[in-house]
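# Analysis of the macromolecular model
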Amino acid sequence: MKTEFIPIDYDYFDFEGRNYAKIVGRNEKNKRICIIDSCDVYFWAILKEKTSEKAIKRLQGKIEKIKLDVKGRQTKVEKVEMHKKKFMGREVVALKIFATNYKDLHDIADKLGMPEIEKRRGYDIGFISHYIIEKKLNPLCWYEVEGEVIDNTTKFNGIANSLDVDFCIKAENIVSLKKEEFLPKVLAFDIEADEFKIGEGEILMISLVSDNFKKVITWKKCKNREFPNVECVGDEAELLSRFAEIIKEISPDFITGYFSDGFDLPYIKARADKHKIRLDLGIDGSSIKFSRGVTTTARINGIVHIDLLRFIQSVYSQYMSSETLSLNEVANEFLGEGKKEFEFKHSSKISRDEWEKYFEYNLHDSVLTYRLFEKMWPDLLEFTRIMSEPVFDVSRNGMSTNVGDYILHNLSKFDEIPEKRPTYDEIGERRQRGKYEGAFVLEPKAGLYENLSAFDFTSSYGSVIVTYNLSKSTFLEKPEKDSYSTEISGKKVYFSKTPGFFPQMLKEIIEKRRQYKEELKKKPDAIKKARSNAFKLLANASYGYQGFFGARYYCEEAAAATAAFARQAIREAMEKTNNAGFGVIYADTDGFAFSLNKNSKQKTLDFLKKLNSELPGVMELELEDFYKRGLWVTTRKGEFGAKKKYALITEEGKLKIRGFETVRRDWCVLARELQNNVLLMILKDGDEKRALEHIKKVVKEVKERKIDLKKMTIRTQMKKPLSEYKSITPHVVAARKMQEREIPFSAGSLIEYYIAETKKESKSKLIRDKVKLVDEKGEYNIEYYLKHQILPAIENILQVFNVDINVILDGKKQMTLEGF
DNA sequence: GACTGAACTATACC
DNA sequence: ACGGGTATAGTTCAGTC
């Protein structure tokens, strides 16, 4: 039969020694289908140059006879073919060595110690990735699949009968379709439990939200009572069984949660184990599977589990304004709506009339998660399509893995044999290599400037890699005449001018980004936006990839040369800008801000055009914006202009603040708000008078204890386990207090505390001895907040206007040595 | 006990 | 282990006098 098919979840199994991909997806009628398919498995033996044909034939014969006995399983090399291929851009003769089972590739490769063989490659790619590369059955793309329906047969040990799908096909022919749209069935869920530690408390309720479906299942406090959307069951065991039942009824393509890899699913599994309940959630009746690793990952066969936090964390967080990645903040940023309020208590302490609020709270979390999934879906979809890896993995992978996957799935266009992963020892060596020189940052002269503009290089490092052909395969060990060359740490390095596959791939990525960005401008939609964004992120990550020690195509020289060429590019652009009558104030990495002086906006734009016409390769500068005013300050010590710290305002009054305490989450709200207001007033008015009045008012309020303690809270993240701290800082003290009171926290938690007044007998000068947790009774320490929060936040700003802020803080002129 | 620079720590910029 | 280097700034630590 023939059917349309969109692959969603990939798995594989062995049958009679061979590997088979088992792919679950949907057809055009939204039926759930499983496709069984196989592909050749092989790896490459790259031969030494000048190996004679006779020697190759002899080698081929020798390899074909290899037989293996792996853990009792007999297997052998199936066939050996000779191919002309490329490796690292170089033409090579390679033997393609076919095996029955991909798990044997490594063992066979180990047997190839023959002197004619230079390298063995392609045995370290997972079967699913290998299958996708071979058969080009890309995840979340539409296909027409032709094959035999194997329901109610004994084929593959009757596998089709054990799967909860509409039908199962042994694929014979697969054709790609142009169709793109796909709206999956999604189920969001969230649990509430009594203890934070996995499995240590009871699960009180589980909420589930899908298309036209909202439900809270609970076994608490609902005898003879009814609540909207709440379904009551007898006990926790029944709750878990009902959870599994509903998943079966809804039959979603995706099940999604927020931190569900690390909390909800492990919790559910732990409680199910305790009650000895089998949670057969998978479409093959299997339970939740957890993979070990630094972070646990929860998988359900046939239903893709997406932990939205993981996707946001690995891909999106750096482009977001949320200070934490809590569901509340992230939902606020993306949906304009946060969590419902509910004060957590142990279930035994929740009063009868508070339960309804708890149910609503729980349900709302699932609603937010469901809507967040909808919002993120275009990004998940496009990321998956571009990386060509299953969405389960793409949603969890970091950007270096994404870049690596993109390369792996595009190598065939270049006829390239894949490079291997670095070994443990190689990673060690790479990590030992010292840092290389990175970006250029221009020291600004502190001051308030008027009429500014800023230019940026678009996809700067990516453009540099493309323009100067910087990669592992184009790096020249020996100098060559016609090559790109630069100096890194006093040593000249050379890169071939023959385009390498990595820069070429990147060129395509940057071009696609431009193309989709333009299309987006003409006719905006979520998919185009996601696509343009995915290519942008991919381009930006490619530089980090080449400098990342775990990368297959790691090349420190290329990474260092990228930074070197970028430094040169910005220096030249700055120089030309100054020569054209503008005044460069500040520069960082790939962009710079300058004073227009007497030039008009139009003249500035004309100059930008001229600059661009003179840039090499695909290098391109773009206008960031025009600004009415800009402020640069000195460092705290006052000796130099501070880098990475400035504030700009547009004609429309839009602020752009970088580096100041205002944008740092480890400063109290009082100092941040005050600084933000001061910056706004100064940039709007062009003088400090109104700001000074405001500061005096706030200082007075602080001294009169009129400030809400909430505004004094300091939040600092625990970056590692408590025991590993060498220095006992205020947030470590706060964490120790939390530990004593059994308040849960872990590496990654934000620790909240304030600095309090201490009793007179306490003579300690250490700030940590004044730390109190936010709910601890006490008064904020006036001296600390004035001298350590307010003063540092405004001192250097007012210094620009020659105002000594100490006068305002103390109400008198400070005694200086000279004055004395 | 006061002072000082180094070490440790967190967070931001691009 | 799961992108890179550059930069500011606070608090504690350890040594000196």
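This section reports on the structure supplied with the text. (Residues numbered from 1 in each chain as written. Chains lettered and ligands numbered in written order. Predicted model: local features only at pLDDT ≥ 70, side-chain atom pairs only at ≥ 80, totals over all residues. Heavy atoms only, no water.)

Let's shift gears to the overall build of chain A. Across its full length, chain A carries 22 helices and 31 strands. For chain A, whose C-alpha radius of gyration is 31 Å, the value lies close to the compact-globule estimate of 28 Å for 820 residues. Across its three principal axes, chain A shows a C-alpha extent of roughly 95 × 85 × 55 Å. Residues counted as buried form 53% of the 820 residues belonging to chain A. A fraction of 67% describes how many contacts in chain A between residues 6 or more apart in sequence connect residues 24 or more apart. Just so you have it, chain A exposes about 40300 Å², and 47% of that area is on carbon and sulfur atoms. Counting 141 positive and 128 negative side-chain charges, chain A places the averaged centre of each group 3 Å from the other. (Helix = DSSP H or I, 4+ residues; strand = E, 2+ residues; numbered from the N terminus. Rg over C-alpha atoms; globule rule 2.2 N^0.38 Å. Buried < 20%, exposed > 50% of the residue type's maximum accessible area, 1.4 Å probe, protein only. Contact = heavy atoms within 4.5 Å. Areas by Shrake-Rupley, 256 points an atom, 1.4 Å probe, with all protein chains shown as cover. Lys, Arg positive; Asp, Glu negative; His and termini not counted. Charge placed at Lys NZ, Arg CZ, Asp CG, Glu CD.)

Grouped together as the largest cluster of nonpolar side chains are 125 residues, with contacts concentrated most on F254, F383, I407, F592 and L621. Among the elements that line this core, the one with the most residues is helix α9 (residues 355–387), at 17 residues. The contacts of F254, once residues within four sequence positions are left out, are I8, P184, K185, V186, L187, I303, V304, I306, F373, W377 and V391. Counting 57 residues, the second largest nonpolar core, distinct from the first, contains A642, V698, V771 and V803. (Core = buried A, V, L, I, M, F, W, Y, C linked by side-chain atoms within 4.5 Å.)

Moving on to the protein's contact with DNA strand B. Neighbouring DNA strand B are 20 residues, the closest being D590, Y646, K720, Y725 and K726. Atoms of DNA strand B within 4 Å of the protein: sugar and phosphate make up 91%, bases the balance. Note that a phosphate oxygen of DNA strand B is positioned 3.4 Å from one of the backbone N or O atoms of K719. Between DNA strand B and Y725 there is a distance of 2.3 Å, counted from a phosphate oxygen to a side-chain nitrogen or oxygen. Those elements that provide at least two residues to the surface near DNA strand B are β27 (641–649), β28 (655–658) and β29 (714–717). Tallied by class, residues from the surface near DNA strand B come to four nonpolar, six polar and ten charged. (Near = heavy atom within 4 Å. Polar contact = N/O pair within 3.5 Å; in protein donor to acceptor, adjacent residues only side chain to side chain. Nonpolar A, V, L, I, M, F, W, Y, C, P; charged D, E, K, R; others polar.)

This paragraph deals with the pairing of strand β4 (residues 41–47). The buried fraction of β4 amounts to seven of the seven residues, a majority that puts the element mostly inside the structure. Burial along β4 is two-sided: V41, F43, A45 and L47 and Y42, W44 and I46, pointing in opposite directions, are all buried. Here β4 pairs with strand β7 (residues 90–99) via six bridges, running antiparallel. The partner of V41 across the bridge, within β7, is A99. (Pairing = 2+ DSSP bridges.)

For the rest of this paragraph, the subject is the side chain of T369. For T369, the position within the fold is in helix α9. According to the relative accessible area criterion, T369 is buried, its value standing at 1%. Not counting residues within four places of it along the chain, the set of residues in contact with T369 comprises A188, T256, G257, Y258, L308 and L327.

What follows covers the sheet that holds strand β2 (residues 18–26). With respect to topology, five strands assemble into a closed barrel ordered β1-β2-β3-β10-β9, the strand pairing being mixed. Pairs of neighbouring strands in the sheet enclose a mean axial angle of 45°, with direction left out of account. Sheet analysis places strand β1 (residues 2–15) next to strand β9 (residues 143–149), joined by four bridges and oriented antiparallel. Across the sheet, K2 pairs through a bridge with E146, a residue of β9. (Axes fitted to C-alpha atoms, helices over the stretch in contact; angles between N-to-C directions.)

Let's shift gears to the protein's contact with DNA strand C. In the neighbourhood of DNA strand C, 31 residues make up the surrounding shell, with G438, R636, K644, R768 and H788 lying closest. Separating a phosphate oxygen of DNA strand C from a side-chain N or O atom of Y784 is a distance of 3.3 Å. Elements with a minimum of two residues in the surface near DNA strand C: α11 (399–410), β27 and α21 (782–799).

Attention now goes to the side chain of T51. Mapped onto the elements of the fold, T51 is located in the loop between β4 and α1 (53–64). Side-chain polar atoms of T51 contact the backbone oxygen of K48, separated by 2.5 Å. Here T51 is in contact with I56 and E116, once residues within four sequence places are set aside.

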